[in-house]
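In case you want the letters, here they are:
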Amino acid sequence: MSDDDTIDPADRGKLIAAEYVLGVLGAEERREVERRLAQEPALASEVAFWEERLGVLADAVAPVTPPQHTWSQIEAAIPAAAAARPTSLWQSLAFWRGFGIAAAALAAASIAALAYVGLVPATRAPLMATLAGTSGQPNFVAAVTATGDNLIVVPATLLTSDPRAIELWLILPNQRPRSLGLIPPGQPIRLSIPPDLAGRLTPDAALAVSLEPPGGSPTGQPTGPVIASGKLTGL
Amino acid sequence: MDADATRSQLAAALVRVAGGDRAALRIVYQDTCAKLFGVCLRILKDRSEAEDVLQDVYVTVWRKAATFDPGRASPITWMVAIARNRAIDRLRSRTAGGRLEPIEAADAVSDPAPAAVERVELAQQHQRLARCLEELDARHASAIRAAFLDGATYEELAARMNVPLGTMKSWIRRGLLKLRACLER
């Protein structure tokens, strides 16, 4: 094609992602890209690159308030929440009621963590931990992804604006704590578990959270106060 | 509230949506519906179609919230991508019969994008993209902006800017390659 002949073939492969995000492809080409996205992580990450970078162009579009009835139509179109969830999850959440006022926030965080790791089609029993402080107040909920190599941590309570870094530790029986990384205050995070530890997240293990100097523990071991800890449990 | 707080609040609401929390979806809707409706309307130029697509967008957000990764994507960008994809798919299905969008109609509602971009508060991401777009040939940059905002095909853009199809493809592809190199720097 005359319009293509001076473009490097390697670049052509990358361009399809940009063209998809930009929106210049026809319907069939768009379906083709979407089919490939599921199987080609490199293409998916190229699409993500362009969505993130070009997305800010949308700020040039003036906001327009949609009509009032739009929300009720959306609400009518989504299934009732509880019906879609497995009952065992609700049963296992029941014991959290004892925590009193924090229970609602904790339950919300737990469900969020579970849904986030993709509980429903999980191929192995999900593992979770509720990390509580000395007062028994739950501070974090952690859930291991179905693949066993990622950990989702969701804060269940608001943390004070302590300038110290929040570091998560894996505690294995008879071993020194291993750092799993830093947790941003007040928002959920996905942490990848180092390959040598991926198989060690079992109901024998526990998680702990400590306050450390900015940037994390300088020694590789917890140096500050442990503000929360809890054992991993299967559901 | 500053942009970071808004962003993390929206991300937290999306995580709750992933857990089946309808109230959280309502929060997400209230915070983003005007922006996403604007995006759909800009592409479809038809209120009733844009309303249909907007509903579809939030039902998609409800279903796909679990795939949103707050560590990787900004929540609003993630949602804008869903809205644009839905609106563009609708646009393509409309023109599948061979009928092209009337160019005059499209021009009538397209606003001068560069001025609008300058008006918004330029966050770091904006500044970077704006700077990289400035490095491009002005016609290439303008074709890229128009393509993004209107979801127009190469054919429509070529007709609108009155250049052969091959020229339009070459402008945009070269522009995108140069843009990518600049954004990576």
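The rules behind the values
Residues numbered from 1 in each chain as written. Chains lettered and ligands numbered in written order. Predicted model: local features only at pLDDT ≥ 70, side-chain atom pairs only at ≥ 80, totals over all residues. Helix = DSSP H or I, 4+ residues; strand = E, 2+ residues; numbered from the N terminus. Contact = placed C-beta atoms within 7 Å. Axes fitted to C-alpha atoms, helices over the stretch in contact; angles between N-to-C directions. Parallel < 35°, antiparallel > 145°, perpendicular 65-115°, else oblique. Nonpolar A, V, L, I, M, F, W, Y, C, P; charged D, E, K, R; others polar. Expected span 1.5 Å × (residues − 1). Buried ≥ 20, exposed ≤ 12 C-beta atoms within 10 Å, placed from the backbone. Core = buried A, V, L, I, M, F, W, Y, C linked by C-beta atoms within 7 Å. pLDDT = per-residue confidence, 0-100. Left-handed = near helix turned anticlockwise from the far one by under 90°.

Q: So what's going on with the overall build of chain B? Residues and values would help.
A: Within chain B, the secondary structure is distributed over 10 helices and 0 strands. Each helix and strand of chain B, placed in order from N terminus to C terminus, yields the pattern α-α-α-α-α-α-α-α-α-α. Restricting to contacts in chain B with at least 6 residues of sequence separation, those with at least 24 account for 67%.

Q: Which residues make up the overall build of chain A, and what are the values?
A: Regarding its fold elements, chain A presents 7 helices and 9 strands. Partitioning the contacts of chain A with sequence separation of at least 6, the portion at a separation of at least 24 is 60%.

Q: I'd like a description of the packing of helix α8 (residues 138-150) of chain B against helix α10 (residues 165-184) of chain B, backed by residues and values.
A: Residue and element names in this part refer to chain B. Remark: α8 packs on α10, axes separated minimally by 9 Å, with the N-to-C direction vectors making an angle of 90°. Relative to α10, α8 is oriented roughly perpendicular. Contacts between α8 and α10 pair R139, H140, A141, A143, I144 and A147 from the former with M168, W171, I172, R174, G175 and L176 from the latter. Tallied by class, the residues present in the contact of α8 with α10 amount to 8 nonpolar, 2 polar and 2 charged.

Q: Could you give an account of helix α3 (residues 47-64) of chain B, naming the residues involved and the relevant values?
A: Compared with the 26 Å implied by 1.5 Å per residue over 18 residues, the 25 Å span of α3 of chain B between its first and last C-alpha is a close match. Buried residues of α3 of chain B: A50, V53, L54, V57, Y58, V61 and W62 of chain B, and no others.

Q: Which residues make up the nonpolar core, and what are the values?
A: Grouped together as the largest cluster of nonpolar side chains are 99 residues, with contacts concentrated most on A142 of chain A together with V17, L36, C40 and A147 of chain B. Other than its neighbours up to four places away in sequence, A142 of chain A contacts M128, A129, L131, L151, I152, V153 and L207 of chain A.

Q: How would you summarise unusual backbone geometry if you had to cite specific residues and measurements?
A: Residue and element names in this part refer to chain B. Even without a glycine there, the phi angle at K45 is positive, about 50°. For K45, the position within the fold is in the loop between α2 (22-44) and α3. The backbone of N162 shows a phi angle near 60°, a positive value even though the residue is not glycine. Mapped onto the elements, N162 comes out in the loop between α9 (154-161) and α10. Under the C-beta neighbour-count criterion, N162 is labelled exposed, with 9 such atoms within 10 Å.

Q: Before we move on, could you go through the confidence of the model for chain A and cite the residues and values that matter?
A: Mean pLDDT for chain A: 76, with 73% of residues reaching 70 or above. This stretch, residues 81-102 of chain A, has a pLDDT under 50; its non-local contacts, to residues over four places away or in other chains, come to 23 contacts.

Q: Residues and numbers for the interface of chain A and chain B, please.
A: Facing the 51 residues of chain A at the interface are 65 residues of chain B. Taken together, the residues of the side of chain A that touches chain B sort by class into 32 nonpolar, 10 polar and 9 charged.

Q: Explain the confidence of the model for chain B to me, using residue names and the numbers behind them.
A: All names here are of chain B. For chain B, the average pLDDT comes to 83, and 82% of its residues sit at 70 or higher. Every residue in residues 97-122 is under pLDDT 50, and counting partners more than four places away or in other chains gives 28 contacts. In the predicted assembly, ipTM is 0.85 and pTM is 0.60.

Q: I'd like a description of the packing of α2 of chain B against α3 of chain B, backed by residues and values.
A: All names here are of chain B. Interaxial distance between α2 and α3 falls to 9 Å at its minimum, and their mutual angle equals 140°. In terms of axis orientation, α2 runs oblique to α3. Relative to α3, the crossing made by α2 is right-handed. Of α3, the residues touching α2 (which contributes L25, V28, Y29, C33, L36, F37, C40, L41 and L44) are R47, E49, A50, V53, L54, V57, Y58, V61 and W62. When grouped by side-chain class, the residues that make up the contact of α2 with α3 number 16 nonpolar, no polar and 2 charged.

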